[in-house]
Amino acid sequence: INQGVDTGSIYAQTQVDQNLKTGTLATSYEKLVEEIEKLFFKNLPKILSQEIKPKAQVSGGSFHKSKDKQKYLKLLHSGWNTPLRDIWGAACDSK
């Protein structure tokens, strides 16, 4: 943890695949929470014993302001139940 927003070192990361056919924003969020918890508990002993060496973030972190979401709200036609297939890639077209 440091003073920046999402700029701290990376101790562990993993790729999380999503089901674009049946997934929703809600199921995606649930899956991400589950995977981050597994990743944390799997790696915590090695982090505490300093077996895992942190890696600096290349890009310096990221953050989003609340006002940034306005242009994407139209994509969320069903809120958290919006199917991933309806928005995957569409955010790039909303800019």
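Since the structure is predicted, the reported quantities are computational estimates derived from the model, not experimental observations.

Rules of the game
Residues numbered from 1 in each chain as written. Predicted model: local features only at pLDDT ≥ 70, side-chain atom pairs only at ≥ 80, totals over all residues. Heavy atoms only, no water. Helix = DSSP H or I, 4+ residues; strand = E, 2+ residues; numbered from the N terminus. Contact = heavy atoms within 4.5 Å. Salt bridge = Lys/Arg side-chain N within 4 Å of Asp/Glu carboxyl O. Buried < 20%, exposed > 50% of the residue type's maximum accessible area, 1.4 Å probe, protein only. pLDDT = per-residue confidence, 0-100. Phe/Tyr/Trp six-rings, centres within 6.5 Å; stacked < 30°, edge-to-face > 60°.

With respect to the environment of Ser9
In this fold, Ser9 is placed in the segment before α1 (25-48). Separated by 44 residues in the primary sequence, Ser9 and Lys53 have C-alpha atoms spaced 9.3 Å apart. Once residues within four sequence positions are removed from consideration, Ser9 is found in contact with Pro54, Lys55 and Ala56.

Some remarks on the pattern of salt bridges
A pair can form between side chains of opposite charge whenever their charged atoms are brought close. Within this structure, the stated rule accounts for two salt bridges. For Glu35, the salt bridge identified is with Lys38, shortest N-O distance 3.2 Å. Separated by three residues within a single helix, Glu35 and Lys38 lie in helix α1, roughly one turn from each other. What makes Lys38 partly exposed here is its relative accessible area of 47%. Connected through shared salt-bridge partners, Glu34, Glu35 and Lys38 make up one network.

Quick notes on the environment of Lys42
Structurally, the position occupied by Lys42 is in helix α1. Note: C-alpha distance between Lys42 and Ala12 (30 residues apart in sequence) is 9.7 Å.

As for the confidence of the model for the protein
Per-residue confidence for the protein averages 87 on the pLDDT scale, and 87% of its residues sit at or above 70. Across the protein, α1 holds the top mean pLDDT of 97, while helix α3 (residues 90-93) sits lowest at 67.

Considering the packing of aromatic side chains
Evaluated as defined, the whole model comprises two aromatic pairs. Ring plane angle 65° and centroid distance 5.5 Å describe the contact between Tyr29 and Trp80, whose orientation is recorded as edge-to-face. Here Trp80 lies in the loop between α1 and α2 (84-87) and Tyr29 lies in helix α1, a separation of 51 residues in the sequence. Taking 5.1 Å as the distance between ring centres and 80° as the angle between the ring planes, the aromatic pair formed by Phe40 and Phe41 counts as edge-to-face. For Phe40, a relative accessible area of 43% gives the class partly exposed. Judged by relative accessible area, which is 58%, Phe41 ranks as exposed.

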